[in-house]
Amino acid sequence: MTKIKERIELIKANINAACVRAGRDPSEVKLVVVTKSATFEAIEQVIRLGFTELGENRVQQLKKIYTQAEEFLRANKDAPAFPREIRWHMIGHLQRNKVRQVLPLVTMVHSVDTLRLAEEINAAAVKMGICPEVLLQVNTSQEPQKFGIPVGAAPHLAEQIASLPNLRLVGLMTMGPLTHNKDVIRKSFTRARELFVEIRGEKIVGKQFTELSMGMSSDYEIAVEEGATILRIGSAIFSG
C-alpha cells in the first residue's frame, strides 16, 4: 500500500499546488482513478484509501472489475469507515451496441460524441428507469486518430443532447494531445475551457452543466490550471 499511497499523496500535492497557481479551491477538482492498467489487489488498496470514483476504458474490463469491487464492498460492509459504494465512470469510447451493458454499472459516461450514441443512451435509460450523467467529448487537439466532435460542431450537438429527457448533460470531456510540448497541451485545454464557458453562456444547457473532464497522468497539472473539474489518472497511481 505504501507506494500507491505515496503516489496519491504526491498527486494530491501537485493538484493543490496547481490550484494555488490558478487561484482555485482544490475541492473543485475530483480525482477519478483509472483502473485499466491495475491488478484488482492494487484497486483494493485505492478503495481502502477512500477513493470511490473509479474509471474504466473498456466495457468487458468494466464488467469484470465492477463485479469484483461489489464483492469486495460486501465482504467489508461491517468495517468501520469503509466505503459503502463506488461511482464508476465509463471514460473510453462507447459503441452503441454496448450501451445496455454499461448503463446499469456507471453513474457517468464521459465519451458521448454523436447524437446517435446519445439517443441510444436515452432510449436504454428510459427502459431502465434511470437518468445517467453524460459528458460531450470534444476533440480540442484536432488529432485525427482521436474520438470527439470538432469544436465548431459542439454547441449544436450539446443543444441536441440537452433536449433528451432521460440523460443529464453535465459537461465536456477532452483528451490532451500526444506531445511533450506543454504549450500545445495547454492550448488544447484552454480551448476546452473556452468552449465550456461559451456553451454555458448561450444557455442551451441546464444548470447541471458544471463538469470539465480533462487531464491524465502526464498533463493533469496543466488541466487543473486551465479549469478541469475531473481528472482521469491511472498510471501515475499504479505504476509511478
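Residues numbered from 1 in each chain as written. Predicted model: local features only at pLDDT ≥ 70, side-chain atom pairs only at ≥ 80, totals over all residues. Heavy atoms only, no water.

Given a rise of 1.5 Å per residue, 20 residues ought to cover 28 Å, and the 28 Å separating the end C-alpha atoms of helix α7 (residues 182-201) matches this to within 8%. On its buried face, α7 sits against α6 (154-162), β6 (168-173), β7 (211-213) and α8 (220-225). Where α7 starts, the residue carrying a side-chain oxygen 2.9 Å from the main-chain nitrogen of D183 turns out to be N181. Two residues or fewer after α7 comes K203, characterised by a positive phi angle close to 55 degrees. (Helix = DSSP H or I, 4+ residues; strand = E, 2+ residues; numbered from the N terminus. Expected span 1.5 Å × (residues − 1). Contact = heavy atoms within 4.5 Å. Polar contact = N/O pair within 3.5 Å; in protein donor to acceptor, adjacent residues only side chain to side chain.)

With that out of the way, let us pick up the packing of helix α2 (residues 40-48) against helix α3 (residues 59-75). The N-to-C vectors of α2 and α3 enclose an angle of 50 degrees; their axes lie 11 Å apart at closest approach. Relative to α3, the element α2 is oriented oblique. Helix-helix and strand crossings are classified by hand; for α2 and α3 the assignment is right-handed. Residue-level inspection shows F40, I43, E44, I47 and R48 of α2 in contact with α3, the latter providing I65, Q68, A69, F72 and L73. (Axes fitted to C-alpha atoms, helices over the stretch in contact; angles between N-to-C directions. Parallel < 35°, antiparallel > 145°, perpendicular 65-115°, else oblique. Left-handed = near helix turned anticlockwise from the far one by under 90°.)

What follows is about α6. Along α6, the residues that are buried comprise A154, P155, L157, A158 and I161. Angularly, the buried residues of α6 cover 165 degrees about the axis, an arc narrow enough to put them on a single face. Those residues of α6 hidden inside the fold are in contact with β4 (108-112), α5 (115-128), β5 (133-137), β6 and α7. (Buried < 20%, exposed > 50% of the residue type's maximum accessible area, 1.4 Å probe, protein only. Arc of directions from axis to C-beta.)

Attention now moves to the packing of aromatic side chains. All told, the structure shown has three aromatic pairs when counted by the stated rule. Considering the side-chain rings of F40 and F72, the 6.2 Å spacing of their centres and the 90 degrees angle between planes classify their relative orientation as edge-to-face. Of this pair, F40 sits in helix α2 while F72 is found in helix α3, placing the two residues 32 residues apart along the sequence. For the pair F40 and F72, a shared accessibility class is recorded, and that class is buried. On the basis of an interplanar angle of 15 degrees and a centroid distance of 5.2 Å, the ring pair of F196 and F209 is categorised as stacked. Pair noted here: F196 is in helix α7 and F209 is in the loop between α7 and β7, with a separation of 13 residues, a long-range link. Each of the two residues, F196 as well as F209, counts as buried. (Phe/Tyr/Trp six-rings, centres within 6.5 Å; stacked < 30°, edge-to-face > 60°.)

With that settled, consider the pairing of strand β1 (residues 30-34). Extensive coverage of β1 is indicated by the burial of four of its five residues. With four bridges joining them, β1 and strand β8 (residues 230-233) adopt parallel strand pairing. Within β8, the position partnered with L31 by the bridge is L231. Here β1 pairs with strand β2 (residues 53-56) via two bridges, running parallel. Within the sheet, the bridge partner assigned to V33 lies in β2 and is L54. In this fold, β1 hands off to α2, which returns the chain to β2; that crossover is right-handed. (Pairing = 2+ DSSP bridges. Right-handed = clockwise from strand over helix to strand, strands pointing away.)

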